[in-house]
Structures are given as structure tokens and as C-alpha cells.
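As a plain string of letters, each chain reads:
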Amino acid sequence: MNSIKQLVVLLIFCCTFHGAFAVDIWVSVKGSDHNDGTKEKPLATVAIALRKARELRRLNDPSVTTGIRIVVGEGVYKLEEPIIVRPEDSGTPTSPTIIEAAAGATPVLSGGVLINGWRKAPGWIAGLPKAAQGKVWVADAPMVGGRLLEFRQLWVNDAKAVRAKQTPGSSMNRILSWNHKDQTCWIPKPSADVSNAEGLEMLIHQWWAIANLRVKEIQVQGDSAKLTFHQPESRIQSEHPWPAPWISKKTGNSAFYLINAIQFLDEPGEWFLDMKNRKLYYYPKAGENMLTASVVAPALETLVRIEGTIDHPVSYVFFKGLSFQHATWLRPSKEGHVPHQAGMPMTDAYKLKVPGTPDKKGLENQAWLVRPAAAVEAAFTNNTGFEACRFEHLASTGLDYKRGNHHDVIKGNLFKDIGGNGILAGVFSDEAYETHRPYDPADEREITTNTHIVNNLITDVTNEDWGCIGIAAGYVRGINIEHNEISNVSYSGISMGWGWTRTINAMRNNRIHANKIHHYGKHMYDVSAIYTLSAQPGSVISNNYVDSIYVAPYAHDPHHWFYLYTDEGSSYFTVKDNWTPAEKFLQNANGPGNAWTNNGPQVADSIKLLAGIQTPYQYLVKERTVDNSWPINKYIPVSKDKQANKHAAINKPVVIEVVAPAKANEAAIKNVFSKNGVSSNDIYHWNNHLVAFTPPSDTINIRKQIATVLPQSRVNIYNDMFYVFDRNACNGKGEVKEWDHILLTANLVKDPKLQQEYLDYHAKQQQLFPEVAKGFCNADFQQLLLFKNGRQLMLIISIPKGASLDELNPKTMENNPRVNEWNSLMSKFQEGIEGTKKGETWVFLEKYK
């Protein structure tokens, strides 16, 4: 309670301090660092202004008794090195240092280089696609410090341009295979010859992360090509088990595209840096005038670095109203980028031959990580903060409070057009410390505590490293993530925790409250609006508003998305009063002590109205971005089939069938289902078939777990739902709240032509046999779903709870002879599954007891 009071006092203090400062140091783009820093004779740089403030504090000048204000005027301040804030720059509660924009100004601290001298590219350009010849513009590549500037991003008129890539728009190709032993990958032969393309890279989509791999060699053989990669990423990519390249006949192999070759420069808005000839090429979009365009390439990785020590933190230094822009990130160009999760690059990772660690008996995965670069980073701080600032046009993380941070405030800021994470907070794992080991330092001053992240808009972040997060917190304590809005992100909105462990560690008393998270999961699944890891006693997730998850076109499992997701080791959480469109949640391998109460669409609308950015910061909302051209998932729960609108993708329930060997331990299978959130009421059986009818589940993990407990069993997943009847066909009449489900199974005949004819009849049933749906309405059927796996069918008939199918079914044929005609027609396409009696077709599965 004392820490909360201290935070409230600090917030009030920072908001009311204007006008009480004894010292103002002025900075202007028209100033000079030889000036004295008055309003009439301003300095030219923030760095020298900080130095002047530091000297005043060193000398205990009486003028700073009530604080120092560094006032930054309008304009772009080009940084050639990071601004460093040191312990000697610290203020006090009564004498803070505030670096802020002048009234009405939005000064920009830029790490970029302006590129001028654009001209229409003359003549024929070797390698450039024919369609682009005569349309691209060229400029001399920028030089910095006497060396050619290497960069991975380019902004034209404040819009991020696209590094020349193989596939058009948002489309990707699929790998053919991955050889982990040889560290090679086979892909379809590229349409252009890139065998001699220097700097060629591959971006590969795998589960919840992407990887950037530098291509060492490409060898074409027929219609395929074999890729080898540079080290160290070649070894790490092929040795680490999670997330790995995805190979699946059902959902498709991992998606990829090649990038950074002039042969791919074929669409407006794309660019290519020819480092050998020191030329930069750009294909302008319609309406862009390259003679007047503002073109910026990033040069600095970090713009501001707040560097305290554990014994001497930076204290009472605040930034207000500044814009941080054009930071680069070059690790992928130098070492590749193979992240573990949340964009954290692995320096080493491999699968254990003998699984198990002292903390986790089944652990098979070892990994060591580093942290991605950040435009603004802070370590060992106390009562510092950022308010009303803008973090834009950045390659990697926007703002990173790394470790040893206490009572810091991130309030009312915009995070927009960022390649990686919006905000990071706390240790994720030390570079020398295996990432799954619980972190609980002996000196608790290392733990980031009582960080207040409130009323920020985070939008269009993670737009380059798709596995990054809007707000990601590692081993933190007492963090308060409240009233933020997050939209248009490629993966999860908020992630809190690290370590995948039930062991009590540094984390506790964390809070995620009243945030609005929408339009997320654009590219990656195994995803959620709010995601947690590991034990965090006393932590609460409450009153959040979650809506609109994108359809990720290349997801490894199209059903593996969630609104709330407590992942491995998550323990001692209270999850309550969160509004979501449906109860599509996952509690995967959780520990003890979690309490879930009142989450889903039944939560009061007042929760939705109060979530997100509060009134004083509503000016941020105009900066919100969403991609209205991208489809949104529509979840159909098992209990009720809702009509999807024409722009939505339906996320269907699934049927999981386990065909077990004779005398198998069915209880073990039921236990696997239970651990994965499948209710015992949704499990059915017949002979050696155990079947679960469930909302979209983690079918990959279920399959793996069943293979572990019953290696001889066969698991069939039914998510190809080719026929739906619901009460919309009855004009909504007679819909009831509670249903019973009847499950039946049969085979289609072996003739492929007859199988296709069967599917065609069901696709056109309403046109050819509208009387069938009329009969279902008359019988009070609530829903029929028909799934197919191979030639086996699963039929789910949903009827009012407590009703009898034997009594309802005859009503389908009352005064309706066409239903008999339909049933007779269908009989020629169907036969019984293995184990049925002669002449038996449809098998009724019984509720498992």
C-alpha cells in the first residue's frame, strides 16, 4: 500500500510541477552548443543540455533546489551517438530533471540519415525484373563515419517501405522440407535466378516466431532448390526444438519468402540496397514524387540510454512530449535472428538427449538468449518516466526497462510503426543463464518492481519481427499494466512472465487491468490477447476488453488462438471479469492456485466501456490502426453455432478420435483430454474408439501426449467441417439455451467419385432438397455438423437438453416424403467403419462414464 501511495504522489507531483522550476535549459535546432542555454541563446543538443544540468548538480548550485527543466524546441535533432543519462544526472523528489518539449512543439530525436539526390535510374539495370525497368529511382547509398551505412528499414514520407522480397503483397511460399542434420532446407525453385545474390535472406514462419536466416548458397535441382545458411544461425535454427520448421500435410509446411535481392524489386513501395555498387534503388508508389520525398534510413540502434548501477540508480529523470524515431537493428544482418519467444534471439539452443532438469523433469529444451536492441533503454532506475512521448518508425523494441527498475512510469505515450516489441520490462533471462531456470536473484534490487504502464496506445508494432509483443514483461514484481489500448499486432497483445516454471521465483503481485486489446494475432498463433507464464503469486488479470483476432493465413494450427491463455507453470493467478467474445481460453500445464471467475461474453458491457485509454489521453485514439482488409476469426462454440458474417473466418469445433489398442487404458486418454481442458461431458466411446467433441483445442499437444501414454494408439483429428445446419434455417425459431449432443460415425464408400458426389450433394442440399432442413426444423434439431477425415465421417446432432432423438427424428419425415428420398440417396455413399456388423452403417457413440 505504501508503494501505491508513493506512486500516486509521484504522478500528482509530475503533473503539477510546471512553473516551479528555478532552472530552464533551452535547446533548439537553430541553437549552438557554445551558447549558455537560455531561451534567447539556446543550446543545439539535448546531450550538452544534460551535461550543463549535470554540472549544476555536481556544484550543488542553489538554482536547482526545485529542479531542472530541459526545454526542447520544434524540429528534428539528428543523433550521431546515443544520449546517455547517468546516475550523476539524477534528481530528487523535490528537484527532478525533466526533459520535455516546448509548449506546442513535438521535437524528434532521430537516429536516421536523410537520403537525397534521387534520380530516375538510367538504362538497363542488371537483375532488375523487366516489369520494373524504367520505373525505379536511384540514389547514392549513404555513408556514415567513412563507411557505407548498412540498414534493414527505409521510410519514405514517414511510411515504412518494403525490403525487396520474393512474394507479392502478404503472400508467402511453403518450404518443401528441412534437414536438421545437414542444416539445409529445400524450397520450390525461385522464379528468378538469385544464385549469385549477395546478402540474400530467408524469412521463415514457424509456430509462434519467425526467423531471419542469411543464405550462404542456393543450389537449383529441377523444380526445387536447396538452401544452406551462414553460421551461427544455421546451427541454432537446425538444433533448437522450439519453435522449429513446421512440416504438415494437413495445414501446410512452414511459410517463407526470400528477401533482399534486386531480382525481387518488382512492386511499388519496395527498395533494395546494392552494397557492392553503393546504390539505393526504390520503386515509387503512385503519387510519390522522389524529387521532394523525405527518405530516411536508420543509423543508430539506441537513441537514449539510461544507465544506472545497482548501487547508484538513475533517479527522478523524466521525458515528456518528445518523439523518438529512426532506430535501426543490425543483428539479423550480422548473425541472423532465431528467436525463442517474444523476439528474444537465441545465442545457443539444442534438444537434450536425456530430458530433464532439476526444475523440470520433462524438459527437453535448452536455450540461452540475448535481448533485442531498443530505441530507448533503461537499467537500474528509480522514479523515472516517459509521458506523452511518441515512439515511431523503429526497427526493434520501442522502450525497454531492462533490469533493476523501481517505481517508473510509462504514461500516455504512442508506440507506432515498430518492427519489434512495443514495451519490454524486466529480466527475461541473463545471457549466461539457461532461459528455463527460475530467476530469483539474491539481491532483489535487480528485480524490476512497481512499474506503472498506463494509458498508452500501442498500434502497428511487431510489423517486422512477427513473434514480438505489444507489452512484454519478464521477471517483474508489482507491475501495473492498466488502461492501455493495443491493436494491429502480429502476435500477442500482453505477455507477462518467463521461465515456464511452477517454482516460486522473482515474480509476484502483478496486475493486468482494464486494457483494450483487439486486432491481434495477424501472423502468428499459439497466441492470446493476454498470455502468462510461470508462478506469480498474488497476480490479477481483470476487467480487460478483448476482441477481434485476425485470421493468420499461415498458422501451423488454424485453431490454436485464444482470448486468454495461461501457459506453462502459470500459478496463483486470479482471472476475473474479462470481456471476450467467447470463452475461448487455454490453461496449458498450469500450476496450482489459479482462480477463473466470470470471463467471457456474459461480462457486463460496462467492463468494455471502461477499458482502454481514459479520457485525459483520448487524443491518442486518433492514431489507432487496424487492417480492415484482413479477415477476423469467428468462434463457433460447441454449445451454439452462430452465423458468421461474410467477412469472417469460422473457427470451428473439432472432433478428436483415439483408436486405442485392445485393452488399452482409456482412463489415461481421458486424463490427457482433461489436462487439455476437454470436459468429461464431451467424451464419447464405441468399442476401442474414444472421441472428444470440443472447442478448438491444442490438437498438436494432445496428439503428442496421447502418443506418450499410449504409443500404439492412433489419433484422428476432424476439423474439416463440410456441412452445417443451424436454427438460422428456421428463421431463428425454437432455439434453446441448453443442448445435448449425439455423435455418430460412418465411412464413405471407397470410390473417390462417389465420395465427391456425396460432398457435392451436401454443398447443394438447400437448393436440391430444401425439405431436409425443413424437417430438421420441425424436429427441433438445434444443430447438425458433419466432419470428414479421409473417408470417415463424424456427425453431431444437437437437440434440446433432455429430449430424445428417438422421439424427435420421426418428425423430420412428417408430411415430408423428400426426406425419405434424401436418406435413400445418401445410403449408396455410406458404409460402416471397421468393427461394425454386416449391414450396419451409422454407429452411435455413447457418453463415456
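Residues numbered from 1 in each chain as written. Predicted model: local features only at pLDDT ≥ 70, side-chain atom pairs only at ≥ 80, totals over all residues. Heavy atoms only, no water.

## A closer look at the overall build of the chain
Right, on to step 1. The number of helices and strands found in the chain is 12 helices and 66 strands.
Right, on to step 2. Taking 2.2 N^0.38 as the reference for a compact globule, 849 residues should give roughly 29 Å; the C-alpha atoms of the chain span a radius of gyration of 30 Å, in line with that estimate.
Right, on to step 3. The 849 residues of the chain split such that 60% are buried.
Right, on to step 4. Expressed as a percentage of contacts within the chain between residues at least 6 apart in sequence, the contacts between residues at least 24 apart total 77%.
Right, on to step 5. When the accessible surface of the chain is totalled, it reaches about 34,600 Å², and 50% of it is carbon and sulfur.
Right, on to step 6. Put simply, the chain has 89 plus and 86 minus side-chain charges, and the middle of one group is 2 Å from the middle of the other. (Helix = DSSP H or I, 4+ residues; strand = E, 2+ residues; numbered from the N terminus. Rg over C-alpha atoms; globule rule 2.2 N^0.38 Å. Buried < 20%, exposed > 50% of the residue type's maximum accessible area, 1.4 Å probe, protein only. Contact = heavy atoms within 4.5 Å. Areas by Shrake-Rupley, 256 points an atom, 1.4 Å probe, with all protein chains shown as cover. Lys, Arg positive; Asp, Glu negative; His and termini not counted. Charge placed at Lys NZ, Arg CZ, Asp CG, Glu CD.)

## What to know about the state of the cysteines
Right, on to step 1. Counted by the stated rule, this structure contains one disulfide.
Right, on to step 2. Each sulfur in the disulfide pair Cys 730 and Cys 777 lies 1.9 Å from the other. Disulfide Cys 730-Cys 777: torsion about the S-S bond near -90°, hence left-handed. You can see Cys 730 sitting in the loop between β61 (721-726) and β62 (739-748) and its partner Cys 777 sitting in helix α10 (residues 770-778), a full 47 residues away along the chain.
Right, on to step 3. Residue Cys 730 is classed as buried on the basis of its relative accessible area of 9%. (Disulfide = S-S within 2.5 Å.)

## Let's talk about α10
Right, on to step 1. Considered for burial, the residues of α10 that qualify are Val 772, Ala 773, Gly 775, Phe 776 and Cys 777.
Right, on to step 2. Contact partners of the buried residues in α10: β61, α9 (765-768), β63 (783-789) and α12 (817-827).
Right, on to step 3. Immediately downstream of α10, the backbone of Asp 780 shows phi near 70°, a positive value.

## Focus: the sheet that holds strand β54 (residues 595-597)
Right, on to step 1. Read across the open sheet, the 12 strands follow the order β1-β2-β5-β27-β32-β35-β39-β43-β46-β49-β52-β54; overall the sheet is parallel. Single-partner strands in this sheet number two, and they are β1 (23-27) and β54. With strand direction ignored, the average angle separating the axes of adjacent strands in the sheet is 10°.
Right, on to step 2. The pairing of strand β43 (residues 480-482) with strand β46 (residues 511-513) spans three bridges and is classified as parallel. Note on β46: the bridge partner recorded for Asn 480 is Arg 511. (Pairing = 2+ DSSP bridges. Axes fitted to C-alpha atoms, helices over the stretch in contact; angles between N-to-C directions.)

## Thoughts on the confidence of the model for the chain
Right, on to step 1. A residue-level look at the chain finds 95% of positions with pLDDT of 70 or above and a mean pLDDT of 92.
Right, on to step 2. Per-residue pLDDT stays below 50 along residues 1-21; that stretch engages in 35 contacts with residues further than four places along the chain or on separate chains.
Right, on to step 3. Every residue in residues 639-649 is under pLDDT 50, and counting partners more than four places away or in other chains gives 26 contacts. (pLDDT = per-residue confidence, 0-100.)

## Re the packing of aromatic side chains
Right, on to step 1. Considering all chains together, one arrives at 31 aromatic pairs under this definition.
Right, on to step 2. Considering the side-chain rings of Tyr 550 and Trp 630, the 6.4 Å spacing of their centres and the 70° angle between planes classify their relative orientation as edge-to-face. Of this pair, Tyr 550 sits in the loop between β50 (545-549) and β51 (561-566) while Trp 630 sits in the loop between α5 (605-610) and β55 (632-635), and the two are 80 residues apart along the sequence.
Right, on to step 3. The positively charged end of Lys 165 is found above the aromatic ring belonging to Tyr 257, 4.8 Å away from the centroid.
Right, on to step 4. Positioned over the ring face of Trp 630 is Lys 522, at 4.6 Å from the centre of the ring. (Phe/Tyr/Trp six-rings, centres within 6.5 Å; stacked < 30°, edge-to-face > 60°. Lys NZ or Arg CZ within 6 Å of the ring centre and 35° of its normal.)

## What about the environment of Leu 203?
Right, on to step 1. One can find Leu 203 in strand β18 (residues 201-206).
Right, on to step 2. Owing to a relative accessible area of 4%, Leu 203 belongs among the buried residues under this scheme.
Right, on to step 3. Once the C-alpha coordinates of Leu 203 and His 337 are considered, the two residues, 134 residues apart in sequence, prove to be 9.6 Å apart.
Right, on to step 4. Look past the residues within four positions of Leu 203 in its chain and what remains in contact with it is Met 172, Ile 210, Ala 211, Asn 212, Ala 255, Phe 256, Tyr 257 and Trp 466.

## Some thoughts on the pairing of strand β21 (residues 255-259)
Right, on to step 1. Among the five residues that make up β21, five are buried, leaving the element largely enclosed by the rest of the structure.
Right, on to step 2. Because side chains alternate across β21, one face comprises the buried residues Ala 255, Tyr 257 and Ile 259, and the other comprises Phe 256 and Leu 258, equally buried.
Right, on to step 3. One ladder, built from four bridges, connects β18 with β21; its direction is antiparallel. The residue bridging Leu 203 from the neighbouring strand is Tyr 257, located in β21.

## So, unusual backbone geometry
Right, on to step 1. Between Gln 231 and the following residue, Pro 232, the backbone shows a cis peptide bond with an omega angle of 10°.
Right, on to step 2. Assignment of secondary structure puts Pro 232 in the loop between β20 (224-229) and α3 (233-239).
Right, on to step 3. Of note in the backbone geometry, Ala 514 takes a positive phi value of approximately 60° without being a glycine.
Right, on to step 4. Mapped onto the elements of the fold, Ala 514 is located in the loop between β46 and β47 (516-520).
Right, on to step 5. Here Ala 514 falls in the buried class, since its relative accessible area comes to 4%.

## Observations concerning the nonpolar core
Right, on to step 1. With 148 residues, the main nonpolar core has Met 202, Phe 319, Phe 324, Phe 386 and Phe 391 as its most contacted residues.
Right, on to step 2. In terms of residue count, strand β19 (residues 209-221) provides more of this core than any other element does, six residues in total.
Right, on to step 3. With sequence-adjacent residues up to four places away left out, Phe 386 is seen in contact with Ile 306, Phe 319, Phe 324, Val 376, Phe 391, Leu 399, Tyr 401, Val 409, Ile 410, Lys 411 and Asn 413.
Right, on to step 4. Counting residues in each nonpolar core, the second largest holds 26 residues, with Leu 805, Trp 822, Leu 825 and Met 826 among its members. (Core = buried A, V, L, I, M, F, W, Y, C linked by side-chain atoms within 4.5 Å.)

## A short note on the environment of Gly 123
Right, on to step 1. Note on placement: Gly 123 falls in the loop between β8 (119-120) and β9 (137-140).
Right, on to step 2. Each C-alpha atom of the pair Gly 123 and Asp 140 lies 16 Å from the other, and the pair is 17 residues apart in sequence.

## Structural notes on helix α2 (residues 46-58)
Right, on to step 1. With 13 residues, α2 extends 18 Å from end C-alpha to end C-alpha; this agrees with the ideal 18 Å at 1.5 Å per step.
Right, on to step 2. By the burial criterion, the buried members of α2 are Val 46, Ala 49, Leu 50, Ala 53, Arg 54, Leu 56 and Arg 57. Viewed end-on, α2 has its buried residues packed into an arc of 160°, placing them on one side of the element. Exposed residues pointing more than 90 degrees away from the buried face of α2 are listed as Arg 51 and Arg 58.
Right, on to step 3. Packed against the buried residues of α2 are β1, β2 (68-72), β4 (83-85), β5 (97-101) and β6 (108-110).
Right, on to step 4. Residue Asn 60 follows α2 closely and has a positive phi angle near 50°. (Expected span 1.5 Å × (residues − 1). Arc of directions from axis to C-beta.)

## Quick look at the pairing of strand β34 (residues 397-406)
Right, on to step 1. Where burial is concerned, most of β34 is hidden: eight out of the 10 residues are buried.
Right, on to step 2. Pairing of strand β31 (residues 374-382) with β34, which is carried by seven bridges, proceeds in the parallel orientation. Paired with Ala 378 across the strands is Tyr 401, a residue of β34.
Right, on to step 3. Sheet analysis places β34 next to strand β37 (residues 423-425), joined by three bridges and oriented parallel. Along β37, the bridge assignment pairs Leu 399 with Ile 423.

## Some details on the sheet that holds strand β24 (residues 295-298)
Right, on to step 1. Sheet architecture is open: four strands sit in the order β7-β24-β12-β13, paired in antiparallel fashion. Looking at which strands have only one partner, the edges of the open sheet turn out to be β7 (112-114) and β13 (159-160).

## With respect to the packing of helix α8 (residues 752-763) against α12
Right, on to step 1. α12 packs onto α8 with a crossing angle of 155° between their chain directions and a minimal axis gap of 11 Å. The angle between the axes of α8 and α12 places the two elements in the roughly antiparallel class. Contact residues: Tyr 758, Tyr 761 and His 762 in α8; Trp 822, Leu 825 and Met 826 in α12.
Right, on to step 2. The residue inventory of the contact of α8 with α12, partitioned by class, reads five nonpolar, one polar and no charged. (Parallel < 35°, antiparallel > 145°, perpendicular 65-115°, else oblique. Nonpolar A, V, L, I, M, F, W, Y, C, P; charged D, E, K, R; others polar.)

## Thoughts on the side chain of Glu 482
Right, on to step 1. Of note, Glu 482 is situated in strand β43.
Right, on to step 2. For Glu 482, a relative accessible area of 15% corresponds to the buried category.
Right, on to step 3. Among all residues touching Glu 482, those that are not within four sequence positions of it are His 452, Ile 453, Val 454, Asn 455, Arg 511, His 513 and Asn 515.

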